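One letter stands for each residue in the lines below.
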Amino acid sequence: FFSGSMAKFVDLFGPELVGKEGPVSTSAALEGKIVGVYFSAHWCPPCRQFTPQLADAYSSTLKSKGFEVVFVSMDRSEDDFKAYHGSMPWLARPFSSTVEDIYGSVFIQGGTVGMASYHFDAKDDCYLSYSNAPAHWALDDGTPMPERKPFEECSFDKSTRTFRGKVTWPGTTSFLGGVKCGEYRMVFDPEFARIIDGEIKLTGVDGDDRGTVLFGTELEYSRLMAKHALESKFKVQGIPTLVVLNSDGTVITKDGRAQVIQNLEGFPWLPDTELRDKCDQIFDIYDEDKDGFLNCKEIGKLALETGGGALPESEFVQVAALLACDPKKGITKDALFKGYTEMGMGDIAKDLALASDPKTRKKAQILAVAKEGTRLNAEQLSMIFDQYDPEKELTKAEFRALWGNLGFQEEFMQTYFTTLDTDENGLISFKELLAGLTVCSGADVDETAKFLMKVFDTHGNGVLEKDEFDAAMRASIKVLKAAVLSALEPMMMVMGGPAAMSAAVGADGEAKDVMQEIMKSFELPEPEDLQEAFDQIDANQDGKLTLEELTEAMKKDSGLAKVLLPSNLDLEGDPFGGACSVM
């Protein structure tokens with residue numbers, strides 16, 4: 001009889017493995033060894049790149065230290081398997097190409113796993129994967145598409161080669177503009193190579209019929225490869241993958257590839273007890289109710305405060321399932337460590353450092369709330385956060401310094417302050433500041449126009465008169481030109497100043513024209529220029545700009561808002577805003 005560890009390896013690979021000279025006993029070959037399960041295929045370019053690296057490490061270092069590799073082929077034919085294994089100095093699991101049902105297979109459309117691919121790992125483990133979906137793909141509430149969305153009520157009739165399953169989006173979540181449920185019927189060809197018939201019946205949030213999508217015509221899915229039971233067991237997401245097992249069959253790491261490339265000297269890569277201690281510390285920090293589990297709220301805080309972003313309940317359920325935990329109870333300490341070490345869910349040391357710093361945790365919480373309530377991205381919010389304490393309200397002097405650093409006009413600091421101080425307490429809160437910055441992003445033209453009218457209407461009569469408009473434009477152009485000059489300053493200093501820089505490009509007519517335009521832009525606009533701009537906006541030519549006229553002009557010319565609000569927080573990514581047709 002086999003020992004417990006040998007029985008595990010025999011269960012994984014079978015009683016015999018393929019050696020260089022023929023079949024070898026699994027138990028004899030792997031007894032007492034640390035085993036690398038190598039998922040690879042000759043058709044895969046990254047595999048062909050990594051295999052020689054692994055072979056060199058195996059022959060020069062790892063084999064002598066008790067490491068053995070078992071190649072699990074993803075090749076499409078036995079001839080390909082034999083040719084590829086012939087280049088390897090280690091053992092292999094016998095090749096099997098027989099496909100008798102859908103289980104152990106992944107079906108794809110468009111050539112990419114994770115672009116709405118179907119995974120049939122086992123009878124009770126069938127799911128859709130969107131792991132490689134484009135960034136703009138999302139559920140209707142903006143939630144990213146899940147990497148693993150299980151089919152419900154699965155069944156497979158082998159006699160008719162028909163799979164049935166259902167996908168339901170939980171809570172208020174929906175997909176494709178209101179689709180709540182999809183009922184799938186897939187009919188496979190006799191070789192289980194393609195989905196040749198079937199449909200997806202779509203149902204809306206209100207139970208209404210959202211139409212039917214047909215397999216075999218509108219959707220053409222084919223089998224990428226038969227997935228081995230081993231691949232399903234270790235939840236391999238791509239190849240090449242090297243799963244490293246201890247001599248007792250337990251997993252050391254699922255990222256042996258990175259260890260071979262980056263940490264060869266660290267073999268046997270056994271889990272560090274210090275690392276486990278750090279993971280336990282993270283667990284204890286976030287197990288706020290001290291029940292021995294991290295529930296959805298607690299694991300969500302861990303994800304949020306360590307830079308992983310918010311974790312919706314639907315994703316928590318998927319994470320719990322991957323870690324073999326009951327989502328109603330939560331994630332255990334062992335499962336959290338497994339998630340870190342085997343599934344790459346984060347960096348333990350880095351996360352502990354973040355979790356142990358109250359200021360960093362508070363920052364993450366504030367930024368999450370701010371991002372939810374504004375149109376600013378995380379980088380912009382971090383920049384603001386780093387300039388002052390968001391828990392402190394700003395005085396006029398502090399606001400003037402911060403607002404000026406963000407690129408707004410010095411001449412209008414008082415009216416900016418008054419406009420943003422919505423509770424009229426003489427201070428600017430973090431919430432008020434972010435609300436103002438969101439409006440200043442220009443994303444909502446109507447709101448931005450209202451804001452500008454309040455800021456620049458220094459007479460307080462509800463319109464912009466010619467002198468108010470001129471003052472606003474001069475202040476804005478002054479800021480923009482200072483920014484341009486600052487950007488060009490290093491080049492000018494190298495070339496001896498603006499005049500020398502202009503002369504240096506004089507031999508090139510086109511470059512000279514460009515330089516002349518740049519140098520000309522350093523001059524403030526003439527009064528007639530501002531008059532012309534004012535007249536273009538003043539639709540009824542009454543010498544006053546109403547809110548409606550300003551709004552209409554901004555809708556026609558996005559550059560106008562960017563000139564009037566010359567901050568460096570433009571959401572389009574251009575701090576100078578581009579051309580303005582009224583200038």
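Residues numbered from 1 in each chain as written. Predicted model: local features only at pLDDT ≥ 70, side-chain atom pairs only at ≥ 80, totals over all residues. Heavy atoms only, no water.

Digging into the side chain of Asp125
- Position of Asp125 relative to the elements: it lies in strand E8 (residues 125-129).
- Only 2.4 Å separates the side chain of Asp125 from the side chain of Arg148, close enough to count as a polar contact. (Helix = DSSP H or I, 4+ residues; strand = E, 2+ residues; numbered from the N terminus. Polar contact = N/O pair within 3.5 Å; in protein donor to acceptor, adjacent residues only side chain to side chain.)

Here we look at the nonpolar core
- Within the largest apolar cluster, 44 residues are counted, with the highest numbers of intra-cluster contacts made by Phe13, Leu30, Tyr38, Phe39 and Trp90.
- Looking at this core, the elements that each hand over two or more residues are helix H1 (4-13), helix H2 (26-30), strand E3 (34-40), helix H3 (45-62), strand E4 (67-73), helix H4 (78-85), strand E5 (91-92) and strand E16 (241-245).
- Counting residues per element, this core draws most heavily on H3, at seven residues.
- Apart from the residues within four sequence positions on either side, Trp90 is in contact with Val18, Lys20, Tyr38, Thr51, Leu54, Ala55, Tyr58, Glu68, Val69, Phe71 and His85. (Core = buried A, V, L, I, M, F, W, Y, C linked by side-chain atoms within 4.5 Å. Buried < 20%, exposed > 50% of the residue type's maximum accessible area, 1.4 Å probe, protein only. Contact = heavy atoms within 4.5 Å.)

Considerations on the confidence of the model for the protein
- Residues of the protein with pLDDT of at least 70 account for 78%, and the chain-wide mean is 80.
- Across the protein, element-level confidence peaks in E5 with a mean pLDDT of 96 and bottoms out in helix H19 (residues 498-504) with 52.
- Note that residues 1-6 has pLDDT below 50 and, in this model, nine contacts with residues that lie over four places away or in other chains. (pLDDT = per-residue confidence, 0-100.)

Re helix H17 (residues 445-456)
- With 12 residues, H17 extends 16 Å from end C-alpha to end C-alpha; this agrees with the ideal 16 Å at 1.5 Å per step.
- If you check which residues of H17 are buried, you get Thr448, Ala449, Phe451, Leu452, Met453, Val455 and Phe456.
- Where H17 begins, the side chain of Asp444 points an oxygen toward the backbone nitrogen of Asp446, at a separation of 3.2 Å. (Expected span 1.5 Å × (residues − 1).)

Brief notes about the packing of aromatic side chains
- Summed over all chains, the structure comprises 31 aromatic pairs.
- Ring geometry for Tyr118 and Tyr184: centres 6.0 Å apart, planes at 80 degrees, overall edge-to-face. Residue Tyr118 is found in strand E7 (residues 117-122), and its partner Tyr184 is found in strand E12 (residues 179-188); the two are separated by 66 residues along the sequence. Across this residue pair, the class does not change: Tyr118 and Tyr184 are buried.
- Grouping aromatic residues by their ring pairs yields a cluster made of Tyr103, Phe107, Tyr118, Phe120, Phe151, Phe156, Phe163, Tyr184, Phe188, Phe192, Phe215 and Tyr221.
- When the ring centre of Phe50 is taken as reference, the NZ or CZ atom of Arg257 above it lies at 5.8 Å. (Phe/Tyr/Trp six-rings, centres within 6.5 Å; stacked < 30°, edge-to-face > 60°. Lys NZ or Arg CZ within 6 Å of the ring centre and 35° of its normal.)

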